[in-house]
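# Architecture at a glance
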Amino acid sequence: MESGYVPMGPVELEALLRDLADDVLKVVDVPADPEPARAAGAALVQAHLTGPATLRATLTTLGAHLPPGPPSTMAQATLAAGYATALREVTLVEQERLARAIIGAQERTERAARQSEARFRAIFAGAAVGIGISDDHGRIIQVNQALADMLGYRPEEMHGLTVPDMVHPSDPPEMWEMYARMARGEVDHVRMEKAYFRKEGGVVWTDLTVSLIRDEAGTPQFNVAMMEDITDRHNLQDRLRHQALHDPLTGLPNRTLFADRVAGIVRRAGRSDNIGVCYLDLDRFKRVNDTLGHDVGDQLLVVVAERLGDCARERGHLAARMGGDEFIILVERCAGAEQLAELAEATLAAVAAPISVGPHRLRVSASIGVVERPAFGVELADILKAADVTLYQAKSEGRGRWARYDPDAAARQVARYELSAAMPDALDRGEFSLVYQPIVDLPGRTLRGLEALVRWHHPRLGTLTPDRFIDLAEETGLIVPLGRQVLREACQQAADWRRHFPERDLFVSVNVAAAQTHEPSLVADVHDVLAQTGLKAAHLQLELTESALMADSGAPLAALRELADAGVRVAIDDFGTGYSNLAYLRSLPVHALKLPQPLIDGLREPTSPPDVDERIVDALVRLAHAIELTVTAEGVETSAQAERLTLLGCDSAQGWYIGPPRPAPELTEILGG
Amino acid sequence: MDLPGWAPESIDVTRPSAARVYDYILGGAHNFAVDRQLGDELIRTSPDVAETMRANRVFLRRAVRFLAAQGIRQFLDIGSGVPTVGNVHEIAQQVAPESTVVYVDVDPVAVAHSEAILEGNDRAGVVCADMREPGRITEQARSLGLIDFTAPVAVLLAGVVHFVADSDDPAGLVAKLRDPLVKDSYLLVSHTTFDGQPPEVVAAQKLATRTATPIYPRPQAEIRSYFGDTTLVDPGLVFIPLWRPDPGEVVEHPERISAYAGVGRKN
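Residues numbered from 1 in each chain as written. Chains lettered and ligands numbered in written order. Predicted model: local features only at pLDDT ≥ 70, side-chain atom pairs only at ≥ 80, totals over all residues.

## Let's talk about the overall build of chain B
What chain B contains, in helices and strands, is nine helices and eight strands. When the 267 residues of chain B are sorted by exposure, 49% land in the buried category. Partitioning the contacts of chain B with sequence separation of at least 6, the portion at a separation of at least 24 is 72%. (Helix = DSSP H or I, 4+ residues; strand = E, 2+ residues; numbered from the N terminus. Buried ≥ 20, exposed ≤ 12 C-beta atoms within 10 Å, placed from the backbone. Contact = placed C-beta atoms within 7 Å.)

## Thoughts on the sheet that holds strand 4 (residues 203-214) of chain A
All names here are of chain A. Ordered in space as 2-1-5-4-3, the five strands form an open sheet in which the pairing is antiparallel. Single-partner strands in this sheet number two, and they are strand 2 (140-143) and strand 3 (189-197). Within the sheet, the average angular offset between the axes of one strand and its neighbour, ignoring direction, is 25 degrees. Summarising the sheet, strand 1 (residues 130-135) and strand 5 (residues 220-229) pair through six bridges and their orientation is antiparallel. (Pairing = 2+ DSSP bridges. Axes fitted to C-alpha atoms, helices over the stretch in contact; angles between N-to-C directions.)

## Quick notes on the pairing of strand 8 (residues 326-331) of chain A
Looking down a regular strand, the side chains alternate between one sheet face and the other. All names here are of chain A. In terms of burial, strand 8 is largely enclosed, as five of its six residues are buried. Direction of pairing for strand 6 (residues 274-282) relative to strand 8: antiparallel, over a ladder of six bridges. Looking at the pairing, L280 lines up with F327 of strand 8. Examined bridge by bridge, strand 7 (residues 318-323) and strand 8 share five bridges and lie antiparallel to one another. Residue pairing for strand 8: A320 is matched across the bridge by I328.

## A few points about the sheet that holds strand 6 of chain A
Residues and elements named next belong to chain A. Ordered in space as 7-8-6-11-12, the five strands form an open sheet in which the pairing is mixed. The open sheet is flanked by strand 7 and strand 12 (402-404), the only strands paired with a single partner. In this sheet, neighbouring strand axes are inclined to one another by 20 degrees on average, regardless of whether the strands run parallel or antiparallel. Along the sheet, helix 11 (residues 294-314) makes contact with strand 6, strand 7 and strand 8, crossing strand 7 at roughly 145 degrees. Helix-sheet contacts for helix 13 (residues 380-396) involve strand 6, strand 11 (366-374) and strand 12, and the interaxial angle to strand 11 is about 145 degrees.

## Side note on the nonpolar core
Membership of the largest hydrophobic core comes to 78 residues, with the highest contact counts inside it found for L76(B), V155(B), L156(B), L157(B) and L188(B). With 11 residues, the single largest contributor to this core is helix 3 (residues 49-69) of chain B. Filtering out sequence-adjacent residues up to four positions away, L188(B) remains in contact with A63(B), A154(B), V155(B), L156(B), L157(B), A158(B) and V263(B). Judged by nonpolar contacts, the second largest core, of 71 residues, contains V508(A), V526(A), V570(A) and L667(A). (Core = buried A, V, L, I, M, F, W, Y, C linked by C-beta atoms within 7 Å.)

## Quick look at the packing of helix 1 (residues 18-25) of chain B against helix 2 (residues 33-45) of chain B
Residue and element names in this part refer to chain B. Direction vectors running N to C along helix 1 and helix 2 enclose 65 degrees, while the axes themselves pass 8 Å from each other. Between helix 1 and helix 2, the crossing angle belongs to the class labelled roughly perpendicular. Viewed along their axes, helix 1 and helix 2 form a crossing whose handedness is right-handed. Across the interface between the two elements, R20, V21, Y24 and I25 of helix 1 pack against D35, R36, L38 and G39 of helix 2. Its residues placed into classes, the contact of helix 1 with helix 2 shows four nonpolar, one polar and three charged. (Parallel < 35°, antiparallel > 145°, perpendicular 65-115°, else oblique. Left-handed = near helix turned anticlockwise from the far one by under 90°. Nonpolar A, V, L, I, M, F, W, Y, C, P; charged D, E, K, R; others polar.)

## Here's the deal with the confidence of the model for chain B
Across chain B, pLDDT averages 85, with 91% of residues at or above 70. Complex prediction metrics read pTM 0.51 and ipTM 0.72. (pLDDT = per-residue confidence, 0-100.)

## Thoughts on the environment of M322(A)
Residues and elements named next belong to chain A. Here M322 lies in strand 7. When the C-alpha atoms of M322 and D281 are compared, they prove to be 9.7 Å apart, with 41 residues separating the residues in sequence. Setting aside its immediate chain neighbours within four residues, M322 contacts R255, F327 and I328.

## What to know about helix 23 (residues 612-626) of chain A
Residues and elements named next belong to chain A. Compared with the 21 Å implied by 1.5 Å per residue over 15 residues, the 21 Å span of helix 23 between its first and last C-alpha is a close match. The set of residues buried in helix 23 consists of E614, V617, L620, V621 and A624. The buried residues of helix 23 all sit within an arc of 125 degrees when viewed along its axis, so they share a single face. Exposed side of helix 23, more than 90 degrees from the buried face: V612, R615, A619, R622 and A626 are the residues found there. Looking at the buried side of helix 23, the elements it contacts are strand 19 (592-595), helix 22 (597-601), strand 20 (630-633) and helix 24 (639-648). Trailing helix 23 by a residue or two, E628 shows a phi angle of about 65 degrees, which is positive. (Expected span 1.5 Å × (residues − 1). Arc of directions from axis to C-beta.)

## A word on helix 4 (residues 70-126) of chain A
Compared with an ideal rise of 1.5 Å per residue, which puts 57 residues at 84 Å, helix 4 of chain A spans 82 Å between its outermost C-alpha atoms and is within 8% of the ideal. When we look at burial in helix 4 of chain A, the residues that qualify are A75(A), Q76(A), T78(A), L79(A), G82(A), Y83(A), L87(A), L98(A), A101(A) and A105(A). The inward-facing, buried residues of helix 4 of chain A contact helix 1 (10-29), helix 2 (35-46) and helix 3 (52-65) of chain A together with helix 5 (108-118) of chain B.

## Considering the environment of T231(A)
Residue and element names in this part refer to chain A. By secondary structure assignment, the location of T231 is in helix 8 (residues 231-245). Given 16 C-beta atoms within 10 Å, T231 falls into the partly exposed group. Measuring from C-alpha to C-alpha, the distance between T231 and W205 comes to 4.5 Å, with 26 residues separating the pair along the chain. Excluding residues within four positions of it along the chain, T231 makes contact with V204 and W205.

Listed below in structure tokens is the structure:
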């Protein structure tokens with residue numbers, strides 16, 4: 001830098017320098033007054049001619065042009081001193097001005113910083129989100145009111161707590177791993193949902209964002225945590241999740257949760273682990289719904305579910321509702337057959353205890369299919385299929401019991417299933433037809449009536465008798481349309497025969513399954529059929545088993561009474577095979593008893609001494625006659641039996657000896673011949 | 001509305017400031033050792049820098065006088081730095097005392113300094129703002145009550161655009177300042193360049209920009225584009241000493257003053 005910045009043009013500059021040179025010359029002329037030389041030096045500085053070269057050039061020029069001698073030297077020295085003094089003053093002034101500017105700028109900066117801090121303090125204090133700051137040791141050093149409120153503390157109570165104090169059991173392990181990484185400066189931001197305990201108990205769920213604040217060297221210094229209370233949202237999510245996985249009626253886990261649990265077990269399973277299930281279905285639950293209404297049915301299910309839940313919980317298992325009246329208990333680490341047997345027994349006992357629903361005191365039973373499988377690699381569908389088959393095995397063995405999975409039984413059950421599944425189509429396709437077995441009176445052996453018996457002409461299995469499929473039809477409910485069809489066809493046929501052979505005075509006897517008597521439309525159906533076929537009520541006999549008649553609820557009985565009042569005959573089929581309430585028998589709307597084949601089988605030659613069966617038949621005939629019922633013996637296969645029954649006073653008989661069941665056309669021929 | 005900003009950075013006089021380095025190179029004492037150290041370094045790597053800066057300052061004086069003579073009474077001096085002798089308001093108010101001037105600088109010390117100097121002058125004011133926030137600059141200049149943008153204004157960008165990196169779009173920033181100007185306003189730009197420089201100087205200067213406050217010299221065509229649709233007054237965009245030199249001023253190697261200057265009039 002040779003010279004300072006000169007804020008003037010060359011013309012002005014030259015004029016200035018000329019004036020200053022004149023001032024110096026004045027001092028040479030009058031050395032007693034050196035002031036003009038000093039002032040000239042100062043003027044150079046004021047003109048911003050402050051570069052070192054300026055002074056050198058000035059003194060060199062003056063030295064060359066002034067006369068030698070002390071006055072000239074003195075003038076030059078005075079100019080130099082004036083120049084130096086002025087330069088020093090300017091420098092000091094500028095430095096002071098600079099210093100003041102810096103102080104001013106700093107004040108302004110600090111004021112702005114204070115304002116900024118005040119703003120952010122207000123934001124911090126008044127924010128609706130909770131904000132907390134912790135130091136590099138995890139100590140909480142500052143929290144705002146919102147955060148304190150959220151967690152139920154006063155702000156100062158939280159100072160001194162540490163971040164790890166804020167642990168909650170629901171924290172996933174990776175959360176604290178992430179916190180450690182942040183402490184090491186490996187992550188700058190973390191966002192997650194986290195639960196906190198409130199000071200006075202309870203839990204707050206938060207949407208939490210933690211940011212790392214570093215110092216200038218980049219070393220982690222603080223963590224700033226900001227959190228929003230999302231407890232409501234979280235609870236709602238929980239509730240939705242719970243709803244998705246639980247049955248709304250009973251509160252038990254649902255099929256989805258059960259499936260998830262099984263999937264989890266299978267995933268974790270070792271080679272030797274076994275999984276077990278008890279698959280349970282209430283026996284004849286449909287009847288409760290049909291007779292007492294769905295409300296009662298639902299309440300019954302709630303009680304059953306509660307008991308099953310308790311049973312399962314006490315043993316550390318999971319009970320789930322699979323739908324309808326089907327429940328399942330899952331045994332994760334199955335210890336073997338005994339454990340499952342104990343569980344099944346306990347479950348049956350729990351279900352069997354009386355259940356009060358409003359005014360009703362109900363007793364229900366359940367059937368259980370028990371399956372145990374190696375857990376490793378097992379398919380849920382296989383377990384459920386096996387459980388289902390085994391459950392139906394328990395049902396077909398008589399209900400109110402449990403069955404263990406057995407491959408052979410399962411195979412049979414599958415066959416039953418297939419039959420059961422084929423039945424609705426079979427009904428539509430007309431694969432069911434009737435045959436009629438003659439009923440004759442004793443001792444005259446005159447044809448009195450015909451019992452209609454249903455046959456299923458199965459395309460693959462040939463003709464099936466009712467013992468193969470009536471149970472299935474009752475289980476599936478197909479018995480109702482099937483029964484209606486049988487009733488209609490039998491009545492139609494009977495009406496035809498009565499028209500063609502009026503002298504025979506025939507009646508037709510039709511079997512009615514228990515399920516049909518629970519149909520509210522039974523009475524109307526019978527009346528319709530009679531009206532449409534023209535058969536008189538007196539020429540129709542309905543056969544029911546004792547158990548159908550003695551049902552818990554009075555509905556079937558009322559229906560039968562109404563039909564009996566209309567003139568329809570009612571017979572008790574297979575009398576003596578159930579638990580007959582003989583005292584009650586009198587009051588039933590019944591006209592006849594039918595004795596089953598096993599009793600008749602015991603009758604021997606009339607000459608041989610009477611054995612137990614004969615005495616029973618004798619007693620039953622007397623009993624029936626005492627209360628004015630007629631008696632029909634079924635399954636009569638020999639003339640000896642027929643004679644014996646005649647002697648015992650039995651009113652009528654049917655069986656192979658009397659005449660086998662025949663299709664209607666054959667019988668028409670016989671009747672005509 | 002003036003939105004609250006973040007807390008400002010604190011003043012750090014242990015780091016060099018462009019404004020104080022400039023002051024030092026111009027021979028002022030408004031500077032510290034750290035500024036002088038950087039100034040000396042700049043002079044070493046680029047010997048013409050002092051001459052360029054002085055030339056820039058002299059150019060500014062000539063240009064302000066020219067603008068005042070054209071009737072301009074409002075000046076917006078962006079990147080004004082530490083006020084030294086011969087400031088824009090002194091020159092302009094010498095010609096027309098009613099002239100108003102607003103100085104803009106990003107350095108809070110330079111701003112405080114300017115305020116001290118302008119105390120008592122109600123026709124000049126200071127705004128602390130960055131060249132890269134043109135909207136804020138015009139807004140603050142307006143709110144000081146010193147610049148009326150519905151009347152002609154001279155926007156002075158003397159030796160400031162070359163501090164803006166390409167990534168900050170200098171042409172766009174200049175356009176944001178230029179476009180709102182009314183007819184007969186002026187835009188003044190001076191800007192360093194490598195044009196006409198020996199390769200070793202270019203290399204040295206490129207090296208220097210890596211260590212000091214970065215400067216981005218640009219070619220003439222690019223600087224020309226900053227004037228947009230304004231009409232360059234004679235002699236156009238030229239090496240600084242060649243822009244309307246005072247009578248008696250002789251410049252032997254104008255290209256050694258490695259900076260261009262120009263003044264454009266808004267049509």
